[in-house]
Amino acid sequence: MAKRVRLRQATTADAELLELWQRPGYRGEFNDFGLPLRQLAGAIEENSLIDQERGALIVELMADGTPIGSVSWHGVRYGPNPQSLVWNIGINLVPDARGQGFGGEAQRLLADRLFATTTANRVEAMTDVDNAQEQRALEKAGFVREGVLRGAQFRAGGWHDIVVYSVLRPRAVPG
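Small disclaimer: the values here were computed from a predicted structure and weren't measured.

Rules used throughout
- Residues numbered from 1 in each chain as written.
- Predicted model: local features only at pLDDT ≥ 70, side-chain atom pairs only at ≥ 80, totals over all residues.
- Heavy atoms only, no water.
- Salt bridge = Lys/Arg side-chain N within 4 Å of Asp/Glu carboxyl O.
- Helix = DSSP H or I, 4+ residues; strand = E, 2+ residues; numbered from the N terminus.
- Buried < 20%, exposed > 50% of the residue type's maximum accessible area, 1.4 Å probe, protein only.
- Expected span 1.5 Å × (residues − 1).
- Arc of directions from axis to C-beta.
- Pairing = 2+ DSSP bridges.
- Right-handed = clockwise from strand over helix to strand, strands pointing away.
- Axes fitted to C-alpha atoms, helices over the stretch in contact; angles between N-to-C directions.
- pLDDT = per-residue confidence, 0-100.
- Polar contact = N/O pair within 3.5 Å; in protein donor to acceptor, adjacent residues only side chain to side chain.
- Contact = heavy atoms within 4.5 Å.

**Describing the pattern of salt bridges**
Alright, step 1. With the rule as written, the count across this model stands at nine salt bridges.
Alright, step 2. The closest approach of N and O atoms between Arg 4 and Glu 105, which form a salt bridge, is 3.6 Å. Taken together, the residues Arg 4 in the segment before β1 (5-8) and Glu 105 in helix α4 (residues 102-117) connect sequence positions 101 residues apart.
Alright, step 3. On the basis of relative accessible area, Arg 4 is assigned to the partly exposed category, the value being 29%.
Alright, step 4. The exposure class assigned to Glu 105 is buried, which follows from its relative accessible area of 15%.
Alright, step 5. For Asp 112, the salt bridge identified is with Arg 108, shortest N-O distance 2.8 Å. Residue Asp 112 and its partner Arg 108 are located together in helix α4, separated by four residues, close to a single helical turn.
Alright, step 6. Owing to a relative accessible area of 37%, Asp 112 belongs among the partly exposed residues under this scheme.
Alright, step 7. What makes Arg 108 partly exposed here is its relative accessible area of 23%.
Alright, step 8. Linked by salt bridges that have partners in common, Arg 6, Arg 8, Asp 14 and Glu 60 make up one network.

**Focus: unusual backbone geometry**
Alright, step 1. Notably, Ala 156 is not glycine yet its phi reads approximately 50°, a positive angle.
Alright, step 2. Here Ala 156 is to be found in the loop between β6 (144-155) and β7 (158-168).

**Examining α4**
Alright, step 1. Under the 1.5 Å per step criterion, the end-to-end length of α4 is 22 Å for 16 residues, consistent within 8% with the ideal 22 Å.
Alright, step 2. Those residues of α4 lying buried are Phe 102, Gly 103, Gly 104, Glu 105, Ala 106, Gln 107, Leu 109, Leu 110, Ala 111, Leu 114 and Phe 115.

**With respect to helix α5 (residues 132-140)**
Alright, step 1. Every buried residue of α5 is accounted for by Glu 134, Gln 135, Ala 137 and Leu 138. Looking down the long axis of α5, one finds its buried residues gathered within 160° of arc, a one-sided arrangement.

**Some thoughts on the pairing of strand β4 (residues 85-93)**
Every other side chain in a regular strand lies on the same face of the sheet, so the side chains alternate between the two faces.
Alright, step 1. In terms of residue burial, β4 counts as a mostly covered element, since eight of its nine residues are buried.
Alright, step 2. With three bridges connecting them, β4 and strand β5 (residues 122-128) associate as parallel partners. By the bridge assignment for β5, Ile 89 is matched with Ala 125.
Alright, step 3. For the handedness criterion, the β-α-β arrangement of β4, α4 and β5 is classed as right-handed.

**Notes on the sheet that holds β5**
Alright, step 1. In spatial order, the strands read β1-β2-β3-β4-β5-β7-β6; together these seven strands make up an open sheet with mixed pairing. Looking at the sheet topology across the chains shown, the edges are occupied by β1 and β6. When the angles between neighbouring strand axes are averaged without regard to direction, this sheet yields 30°.
Alright, step 2. Here eight bridges tie β6 to β7, and the two strands are oriented antiparallel to one another.

**Let's talk about the confidence of the model for the chain**
Alright, step 1. Chain-level pLDDT for the chain is 86 on average; 81% of the residues reach the 70-or-more range.
Alright, step 2. Element-level mean pLDDT values for the chain span from 50 in helix α3 (residues 41-45) up to 97 in β5.

**A look at the side chain of Asn 88**
Alright, step 1. With respect to the element layout, Asn 88 can be found in strand β4.
Alright, step 2. Here the side chain of Asn 88 touches Glu 124 through a polar contact of 3.3 Å, side chain to side chain.
Alright, step 3. Ignoring sequence-local partners within four residues, the contact set of Asn 88 consists of Ser 72, Trp 73, His 74, Val 76, Glu 124 and Met 126.

So, in structure tokens, the structure goes:
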């Protein structure tokens, strides 16, 4: 299947767009965490949208370079040693780009990028139990459903159950 999206670093020209995408009309019902709008222009100029523990990239269409959303990641530790760091990823596409398969493709690209540039063995994603569209996107991207975390996420004024998905680093086949 031909690639339809690519990931790229944000530039200062993207600051207004990224701030627009934080607004409720763009975030969507499953990304409403009640957080204040983050001023991104300074963070982009300082290259602080990506560091050793977190990051964010623009998702754009390959055909014409139109930005359609963003992907992000942050580190989660399941033990005190550095090897126990895994990446938890998220995505937010503009409303017009949802439901077309772009999300699964972008999340697979991000997982591949994280495996290529870090030593992490696991990339995980979590979504609301009612977000069937995102669950399908993750499964199409090769993520495996692991289970439900009951009442784990406070969003839109209440507690929500979330589904956990993951993909593990591909293992080289012995030759």
